[in-house]
Amino acid sequence: MHQNRLPREILKNIFWLGDCLVQHYQGKTYHSYNSSYLVVGKDKALLVETGHPKDFNILHEQMIKILDKKQVPLKYIFTTHQETPHAGGIARFLNLYPDVKVLGDVSDYHMAFPMFTDNFVSMEVGEKIDLGRIEFFAAEPVVRDIRTSLWGFIHPQRILFPGDGFAYSHYHWDGHCGKLAEEAESLNLFEVTSVFAELALFWTNFVDMNIYSERLIKLIKELNVQCIAPTHGLPIMNVEETIPKVIEGLHGPYEKIAS
Amino acid sequence: MNKNKNGEVVELEKDKLFLLQNIVKLDGRLIAFPPNLTGFAPLNCYVLKEDTGAFLIDTGYLYHKDSILNQLSKVISFDTPLSILPTRVNEFMTVGNVKSISQKFNTQSYYLAQPDAPDWFDFTDRERDHSLRKIPTHVIGKHIECEIGFKTGRVIEIMSAPLRLINTAWVYDKMSKTLFTSDMFTYGVSKNPVDTWILEKDDFFCESQFIKSFMLNTRYWWLEGAKTNLLRKNINHIFEKYDIKTIAPGYGKLFCGKDLVEKQFVKLDAILAEFDVSNAKAYYVSRNHLR
């Protein structure tokens, strides 16, 4: 049994929600996240990702406690793409919050959740919504799987929500659950990013990732990203220090095959 | 082959293999098809049946729940022991009706890349149905065999797809010589809502250029300039290993007949060869980049 260390306020009014998912690979037990993030503006709250289907009740309880305390209503859900660990909770949230709008590339949702077609609002890269003192933007999805992916970005905190980008597991046995990337000192970011990419981002085994990491670094500079809140990895608070290790791991599968 | 109507069960092998099909209009809103492609396409689920049990490959979008339940009830009875395999566990098109089928039919097991299958598909209602957790999950690794029914000797092979975007399973059924390819060979679409969805000869829409564009504008956006020779090797291995009479994709037209099947593999191989890093330069592919 593990103790869930979430929710956690990673920056003022930005909360990391969810629970770990246990996965086994080559005799080792890894934990990864299917995280959600709650962005609480002055007037409205937005949930990034709806979490793994198994986590809905946990996630919902975490969210309610925060919003009750803040006295801010949930108005929006943003999903980075149409995979069940990212968007599977849409129906369960909309059953409870029928006025909430689901933002993003909303392809497929009319077929997956036909009872909620009026709740889906399409967003494109660069479009934004105002939560009250926080603006949420749709951003370019550099590292992705499904073609309809989108990333999120908030201003003024300058946090990037990259969905499947910066995906890596963590060591439960070494107490990494609920920690930020920089706090998990023994975490070998190269290894865990590389394993995750090899297994979950099949295409990274065959594509020269220099092309994608160059664009990633450019995007981080363009947006002046200060923090990164990935769906599967631990949140990254020191971009300059941590990103090179993650990018090196992203190159791992291709270089392994090349060698 | 006759033109089958939308929502109508097609018997592919007498008493043994059935196609449950729903036709959708392509309007740019389905992730499995190019956003600029118009026309119509079938979404396919398959039932492999024996007297003592059945095996369902994919379950369709929730939108088609009533149609899928209705079609399935025409093929098996409510007490037929049933196993279910969603070939792409993370995609709504394959998992949308696992829950409702499990509740209505005698579901005995799930086949999935992950343990605890209900954790991956039980999300469509206000509350979870915890009784489904009692149904065992067989975890698919790279390759697993499964018998249809009880002591029938009809064994299917479930394997990790040799070319995929996300976690995907292919299935080979030796009895019907059918390869179920989930999201590969899915380019058989039509301009018309009523058409021949089971092909026995090549047609215009399956030209290599169309297939190439279809792949690059959907889940295989990353192929140009990739090390595709490795993928070719794995795909060719499957073509050589199995005696394939029918390619049965998760969506799009089916390809029947050894010649037509071979043509699809040859076309795919040629396309992948063209895309290989030795022939094509890799470049950054942005969202919505159409080719």
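Look up a bit, the structure's there.
Owing to the predicted nature of the structure, the values given are computational and were not obtained by experimental measurement.

### Observations regarding the overall build of chain B
- The helix and strand tally for chain B stands at 7 helices and 14 strands.
- Here chain B has a C-alpha radius of gyration of 18 Å; the compact-globule value for 291 residues is 19 Å, and the two agree.
- Dimensions of chain B, computed from C-alpha atoms along their principal axes, come out at roughly 55 × 40 × 35 Å.
- For chain B, with 291 residues in total, the buried portion stands at 61%.
- Taking the contacts inside chain B whose residues are at least 6 apart along the sequence as the reference set, 66% of them involve residues at least 24 apart.
- Positive and negative side-chain charges of chain B, numbering 38 and 35 respectively, have mean locations separated by a distance of 3 Å.

### Here we look at the nonpolar core
- If you look at the biggest cluster of nonpolar residues, it comprises 174 residues, and the most contacted ones within it are Leu38 of chain A together with Leu163 and Trp222 of chain B.
- A per-element tally of this core places helix H7 (residues 258–275) of chain B first, with 7 residues.
- Setting aside chain neighbours within four positions, we find Leu163 of chain B in contact with Phe202 of chain A together with Asp183, Met184, Met215, Tyr220, Trp222, Leu223, Leu231, Ile235 and Leu272 of chain B.
- Counting 22 residues, the second largest nonpolar core, distinct from the first, contains Leu17, Ile144, Ile198 and Leu254 of chain B.

### Notes on the interface of chain A and chain B
- At the junction of the two partners, chain A supplies 49 residues and chain B supplies 47 residues.
- When chain A packs against chain B, the two sides together hide about 4400 Å² of surface, and 61% of this comes from carbon and sulfur.
- By the criterion of area lost to chain B, the three top residues of chain A are Met111, Arg147 and Phe202 of chain A, representing 19% of everything that side buries.
- Connecting chain A to chain B are 3 salt bridges.
- Put simply, Arg287 of chain B and Glu124 of chain A hold a salt bridge, and the shortest N to O gap is 2.6 Å.

### Some remarks on the packing of helix H6 (residues 210–223) of chain A against helix H7 (residues 239–258) of chain A
All names here are of chain A.
- One can describe the packing of H6 onto H7 by two numbers: an axis separation of 10 Å at closest approach and a directional angle of 160°. What the angle tells us is that H6 and H7 run roughly antiparallel. Here the hand of the crossing between H6 and H7 comes out right-handed. Here Asn210, Ser213, Leu216, Ile217 and Ile220 of H6 lie close against H7, whose contacting residues are Val239, Ile243, Ile247 and His251.
- Class assignment of the residues belonging to the contact of H6 with H7 gives a composition of 6 nonpolar, 3 polar and no charged.

Rules used throughout
- Residues numbered from 1 in each chain as written.
- Chains lettered and ligands numbered in written order.
- Predicted model: local features only at pLDDT ≥ 70, side-chain atom pairs only at ≥ 80, totals over all residues.
- Heavy atoms only, no water.
- Helix = DSSP H or I, 4+ residues; strand = E, 2+ residues; numbered from the N terminus.
- Rg over C-alpha atoms; globule rule 2.2 N^0.38 Å.
- Buried < 20%, exposed > 50% of the residue type's maximum accessible area, 1.4 Å probe, protein only.
- Contact = heavy atoms within 4.5 Å.
- Lys, Arg positive; Asp, Glu negative; His and termini not counted.
- Charge placed at Lys NZ, Arg CZ, Asp CG, Glu CD.
- Core = buried A, V, L, I, M, F, W, Y, C linked by side-chain atoms within 4.5 Å.
- Buried area = accessible area lost by both parts, 1.4 Å probe.
- Salt bridge = Lys/Arg side-chain N within 4 Å of Asp/Glu carboxyl O.
- Axes fitted to C-alpha atoms, helices over the stretch in contact; angles between N-to-C directions.
- Parallel < 35°, antiparallel > 145°, perpendicular 65-115°, else oblique.
- Left-handed = near helix turned anticlockwise from the far one by under 90°.
- Nonpolar A, V, L, I, M, F, W, Y, C, P; charged D, E, K, R; others polar.

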